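What the coordinates show
Read off the chains here:
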Amino acid sequence: MGAIQSLNIGDSAEINLRSNYAMGFRISAVELVALLKAKAVEIPSGFREDEVFSANANVVNEEGEGLFVNESSDRQISKILFDTRQASDAMSLFSETLFLALTDKRNGHDFVEAAYRLGVRQFLVSEIRTDWSALTDAVFYQVSNVLQSLQVLASWYRKSLTMPIVGITGSNGKTIVKEWLFKLLQQDFTDVYRSPRSFNSQLGVAISLLEIPKSSGLAIIEAGISARGEMRSLHSMIKPNLVVFTHLGGAHDVGFASLEEKVAEKLILAEDADVLIYPFDKLIVREQVSRLKQRFPMMKTISWGQENGASFRVLPYHEGDLKMQFIHRSVTHTIPLSQTDSASRENTMSALLTLVAFERWDQGHLDMFQYLPKLKNRLALVQGKRGNVVLN
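Structure report, in brief. Bear in mind that the values here come from a model prediction, so they are computed numbers and not experimental data.

**Quick word on the nonpolar core**
- Ile80, Leu100, Tyr141, Leu153, Ile212, Ile238 and Leu276 are the most contacted members of the largest nonpolar core, which totals 64 residues.
- Each residue touching isoleucine 212, except ones within four places of it in the same chain, is listed here: Gly24, Tyr157, Leu161, Met163, Ile165, Tyr193, Ala219 and Ile221.
- Core analysis: the next-biggest nonpolar cluster, separate from the first, contains 35 residues, Phe189, Ile277, Leu337 and Val356 among them.

**Focus: unusual backbone geometry**
- If you check the backbone angles, arginine 329 has positive phi at about 50° while not being a glycine.
- Relative to the assigned elements, arginine 329 resides in the loop between β15 (323–328) and β16 (331–336).
- Residue arginine 329 is classed as exposed on the basis of its relative accessible area of 73%.

**What to know about the sheet that holds strand β10 (residues 219–222)**
- Here nine strands make up an open sheet; going across it, the order is β9-β10-β8-β11-β12-β13-β14-β15-β16 and the pairing mixed. The open sheet has two free edges, formed respectively by β9 (193–194) and β16, since each of these has just one partner strand.
- Relative to β10, strand β8 (residues 165–169) runs parallel, the two being bridged by four bridges. Along β10, the bridge assignment pairs valine 166 with isoleucine 220.
- Helix α9 (residues 283–295) rests against β11 (242–245), β12 (275–279) and β13 (300–305) of the sheet, and its axis sits at about 165° to β12.

**A few points about the sheet that holds strand β6 (residues 122–125)**
- One open sheet accounts for five strands, arranged β2-β7-β6-β5-β4; its pairing is mixed. Bordering the open sheet on either side are β2 (39–43) and β4 (79–81), each of which pairs with just one other strand. Mean inter-strand twist for the sheet, computed between neighbouring axes without regard to direction, equals 25°.
- Bridge count between β4 and strand β5 (residues 97–100): three bridges; the pairing is parallel. Across the sheet, lysine 79 pairs through a bridge with threonine 97, a residue of β5.
- Contacting β2, β5, β6 and β7 (138–142), helix α1 (residues 29–36) runs over the sheet at an angle of about 15° to β7.

**Observations regarding the side chain of lysine 174**
- Tracing the backbone through its elements, the reader meets lysine 174 in helix α5 (residues 174–185).
- Buried charge without a salt bridge: lysine 174, with glutamate 222 as the nearest opposite-charge side chain at an N-O distance of 5.3 Å.

**A closer look at the packing of aromatic side chains**
- For the structure shown, the criterion picks out eight aromatic pairs.
- Taken together, a centroid distance of 5.3 Å and an interplanar angle of 70° make the contact between phenylalanine 189 and phenylalanine 358 edge-to-face. Note that phenylalanine 189 is positioned in the loop between α5 and β9 and phenylalanine 358 in the loop between α10 (342–357) and α11 (363–367), a separation of 169 residues in sequence.
- Under the relative-accessibility criterion, phenylalanine 189 is labelled buried at 16%.
- The exposure class of phenylalanine 358 is buried, given its relative accessible area of 16%.
- Each member of the aromatic cluster is reached from another via a ring pair, and the members are Phe99, Phe123, Trp132 and Phe140.
- Between arginine 121 and the ring centre of tyrosine 116, over which it is positioned, the NZ or CZ distance is 3.7 Å.
- Sitting over the ring of tyrosine 317, arginine 345 keeps its end group 3.9 Å from the ring centre.

**Section: the pairing of β7**
- Extensive coverage of β7 is indicated by the burial of five of its five residues.
- In this sheet, β7 lies alongside β2 in antiparallel orientation, the contact comprising five bridges. Considered in β7, the bridge of valine 41 is made with phenylalanine 140.

**Some remarks on the packing of helix α8 (residues 259–267) against α9**
- Close contact between α8 and α9 brings their axes to 10 Å; oriented N to C, the two are set at 50°. Comparing their axes, α9 and α8 come out oblique. The two elements α8 and α9 meet at a crossing, and its hand is right-handed. Between α8 and α9, the contacting residues are Leu259, Glu260, Val263, Ala264 and Leu267 on the first element and Ile284, Val285, Gln288, Val289 and Leu292 on the second.
- Across the contact of α8 with α9, the residue classes tally to eight nonpolar, one polar and one charged.

About the cut-offs
Residues numbered from 1 in each chain as written. Predicted model: local features only at pLDDT ≥ 70, side-chain atom pairs only at ≥ 80, totals over all residues. Heavy atoms only, no water. Core = buried A, V, L, I, M, F, W, Y, C linked by side-chain atoms within 4.5 Å. Buried < 20%, exposed > 50% of the residue type's maximum accessible area, 1.4 Å probe, protein only. Contact = heavy atoms within 4.5 Å. Helix = DSSP H or I, 4+ residues; strand = E, 2+ residues; numbered from the N terminus. Pairing = 2+ DSSP bridges. Axes fitted to C-alpha atoms, helices over the stretch in contact; angles between N-to-C directions. Lys, Arg positive; Asp, Glu negative; His and termini not counted. Salt bridge = Lys/Arg side-chain N within 4 Å of Asp/Glu carboxyl O. Phe/Tyr/Trp six-rings, centres within 6.5 Å; stacked < 30°, edge-to-face > 60°. Lys NZ or Arg CZ within 6 Å of the ring centre and 35° of its normal. Parallel < 35°, antiparallel > 145°, perpendicular 65-115°, else oblique. Left-handed = near helix turned anticlockwise from the far one by under 90°. Nonpolar A, V, L, I, M, F, W, Y, C, P; charged D, E, K, R; others polar.

Set out below in C-alpha cells:
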C-alpha cells in the first residue's frame, strides 16, 4: 500500500479520546477511528486506484488488516454536514467538516462527490465505492451505521460538557417552551444554547449536542419520538439534568400500543435526571411518574395543574384573561400573559416551573412572560397562486 501507514486499533487499544477544547466539539481522525471502531482509508495524491482499493472495494491492506489511517495525519473534525444544500450556511472550515452519508429517504453516498467538490475531505460512510479513488486527499471512515455512529460521537462529546442541560419532551409545545426558556434565561446564564428550530429527531438531537459551545452556561435540547424504542438513544446522548414534559396529546399515537406505553417511553428521558417537570392533571402521566420516582427516588418532581395535589395549582380563569394565577405553598401568584389560549397557558406553566427549578421565578422574571413572542406552528396554511391552499 505504499505510503499509507497502518494503524491497528482493537477493542483493547488505549487511545485517549480528548474533548478538552475551548468551544464546540473537536476530534482528530485517529480519535474518531478509535471511538467508532471504524475502518478508515486515506487517499493521498498521486495514488493509483488499484493501490488504494482492492477489486471488491473492501478496505483492507496487504496484510489483510481491516483498519488503516495515516497515523501522522493531523486531520481534525469540528463540523458536521449531512446535506450538501446546507453548505452555504457558514461552513467556513471544510477541511474540518465531516460529511454524513446517511441512508434514509435518499442515499447520502450518492452525494459524496458533490460534498468533495465543495471542499469536504472527510466522510462517514457505510459503504466504499471504487469510483471514489479519484477523490485524492479524502479520508473515508467506514461504519456499519452512519446515524448510530454519529450518536456515539454525540454521546462522547456530551460527557465533556459541564453546564446544566434541559431536555424537553412531550406531544406538543416543545419548540415553543424551548424558545421561551431561551428568552427568559438568557440574562441569567452565559451564552445560553438551544437546539436549532425543531431539531428533535435521532439526527437532530445528535447535531444539536455537537453544536453546543463549551462556553455555554446552559443548554436546552428538544427530544421528539414517534414510536416505541426511540427515546433510549436520545437519552443516552442528552443525559439531561432537568426534564420538562410539556403535554400529552394524540400526536404519533400510531407508534405506540397504548397511551401508557407512550408516556413511559417519553419519561425515559428523565431517568437519572435531577428534576422532572410535568402536568399533574393527566392521571396516566401521574401514574407513570410515580413508577419512575420509585426507581429514581432522589429525583425531584415539580408539577402544575388545576387539581389538588399539584405543586403549583392553577386557579380557574376566563377565556381572554391576560393573566394566570396559581397557588404555591398557600401563596397566590400572578403571571401576566401575552397569549391567552389554553395551549399557551400550558406552555407558560412548563416554562415557569423550569424557572422555579433554577430559582429564577422572582417578580422580574414573571413580568417577562407578557413579552414572550407568539411562535408559529410548524405547519401553516398559505394561500397559493391559483386560489388553492398550500400546507407549508
